[in-house]
Amino acid sequence: MSAETGPEDCLFCKIVSGDIDADVVHETATTVAFRDRNPQAPTHVLVIPRSHYANAADLAVGEPETAAHLFDAARAIAEQEGLGEGYRLVFNTGAAAHQTVFHAHMHVLGGRAMTWPPG
Ligand code: AMP
Ligand code: ZN
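Cut-offs and rules
Residues numbered from 1 in each chain as written. Chains lettered and ligands numbered in written order. Predicted model: local features only at pLDDT ≥ 70, side-chain atom pairs only at ≥ 80, totals over all residues. Heavy atoms only, no water. Helix = DSSP H or I, 4+ residues; strand = E, 2+ residues; numbered from the N terminus. Buried < 20%, exposed > 50% of the residue type's maximum accessible area, 1.4 Å probe, protein only. Contact = heavy atoms within 4.5 Å. Areas by Shrake-Rupley, 256 points an atom, 1.4 Å probe, with all protein chains shown as cover. Lys, Arg positive; Asp, Glu negative; His and termini not counted. Charge placed at Lys NZ, Arg CZ, Asp CG, Glu CD. Near = heavy atom within 4 Å. Polar contact = N/O pair within 3.5 Å; in protein donor to acceptor, adjacent residues only side chain to side chain. Nonpolar A, V, L, I, M, F, W, Y, C, P; charged D, E, K, R; others polar. 1 Å grid on protein atoms, 1.4 Å probe; cavity = no way out; pocket = protein on both sides within 12 Å on 5 of 7 lines; lining within 4 Å. Points joined across faces, edges and corners; volume = space filled by probe spheres on them. Donors = N, O, S within 2.8 Å, 3.2 Å for Na, K, Ca; no water.

As for the overall build of the protein
Right, so step 1: Assigned secondary structure in the protein consists of 3 helices and 5 strands.
Right, so step 2: Order of helices (α) and strands (β) in the protein, N terminus to C terminus: α-β-β-β-α-α-β-β.
Right, so step 3: Summarising its shape, the C-alpha atoms of the protein cover approximately 40 × 30 × 25 Å along the three principal directions.
Right, so step 4: Across the 119 residues of the protein, 39% fall into the buried class.
Right, so step 5: When contacts within the protein are restricted to residue pairs at least 6 apart in sequence, long-range pairs at least 24 apart make up 53% of them.
Right, so step 6: With the model as given, the accessible surface of the protein reaches about 6,700 Å², and the carbon-plus-sulfur share is 52%.
Right, so step 7: The protein carries 7 positive and 15 negative side-chain charges, and their two centres are separated by 7 Å.

Some details on the site of ligand 1
Right, so step 1: Neighbouring ligand 1 are 15 residues, the closest being Asp-36, Asn-92, His-98, Thr-100 and His-107.
Right, so step 2: In this structure, an oxygen atom belonging to ligand 1 sits 2.8 Å away from a side-chain N or O atom of His-107.
Right, so step 3: Taking 500 Å² as the accessible area of ligand 1 by itself, protein coverage stands at 89%.
Right, so step 4: Listing elements by their share of the shell around ligand 1, those giving two or more residues are α1 (11-17) and β2 (31-35).
Right, so step 5: Of the residues that constitute the shell around ligand 1, the class distribution is 5 nonpolar, 7 polar and 3 charged.

Remarks on the layout of surface pockets
Right, so step 1: Computed from the structure, the largest pocket encloses a volume of approximately 940 Å³.
Right, so step 2: What lines the largest pocket is a set of 31 residues, among which Asp-36, Gln-40, His-44, Asn-92 and His-107 lie closest to the centre.
Right, so step 3: Broken down by secondary-structure element, the contributors of at least two residues to the lining of the largest pocket are α1, β2, β3 (43-49), β4 (87-90) and β5 (106-110).
Right, so step 4: Take the lining of the largest pocket: its biggest share by element is 3 residues, from α1.

Considerations on the coordination of the zinc ion (ligand 2)
Right, so step 1: Bound to the zinc ion (ligand 2) on the protein side are Cys-10 (SG), Cys-13 (SG), His-52 (ND1) and His-103 (ND1), at distances that span 2.1 to 2.3 Å.
Right, so step 2: If you list the donors of the zinc ion (ligand 2) from N- to C-terminus, the spacing comes out as C-x2-C-x38-H-x50-H. Note that Cys-10 is positioned in the segment before α1 and His-52 in the loop between β3 and α2 (56-62), a separation of 42 residues in sequence.

Re the environment of Ala-56
Right, so step 1: With respect to the helices, strands and loops of the structure, Ala-56 is situated in helix α2.
Right, so step 2: Along the backbone, Ala-56 and Phe-91 are 35 residues apart, and their C-alpha atoms lie at a distance of 6.8 Å.
Right, so step 3: If sequence neighbours within four positions are ignored, Ala-56 has contacts with Phe-91, Thr-93 and Ala-104.

In short, shape yes, function no, at least from these values alone.
And the structure:
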């Protein structure tokens, strides 16, 4: 999948529309959250806007209120997953930062101690 992928052939748009199954853990009018299929921590959830934006920067410009909704969804997910000890929110932005799906998504990682710097 390239940075030029549009909504019509976007994996995460298909999860929003229900054409591809996902383990959905939280939904709002503007966001959908589901478990990552290749989890990097005991809790690894992706929170995405229902609208297609290639990355977090484009979302912030195009729909800033929805960008804020992603953070509120992360707060709710952290609460429901029992991540009171701490959790990490990550937006990989651009291929060099290991973005592989070009529909904006926030990783919510928790349930284990985290290290720094990230890889
Ligand atoms: P990134 O590397 O930041 O673009 O993250 C994309 C994430 O999407 C990776 O962690 C993948 O494991 C995850 N992923 C890809 N396809 C699916 C899918 N169909 N369901 C759930 N997670 C997925
Ligand atoms: Zn999309």
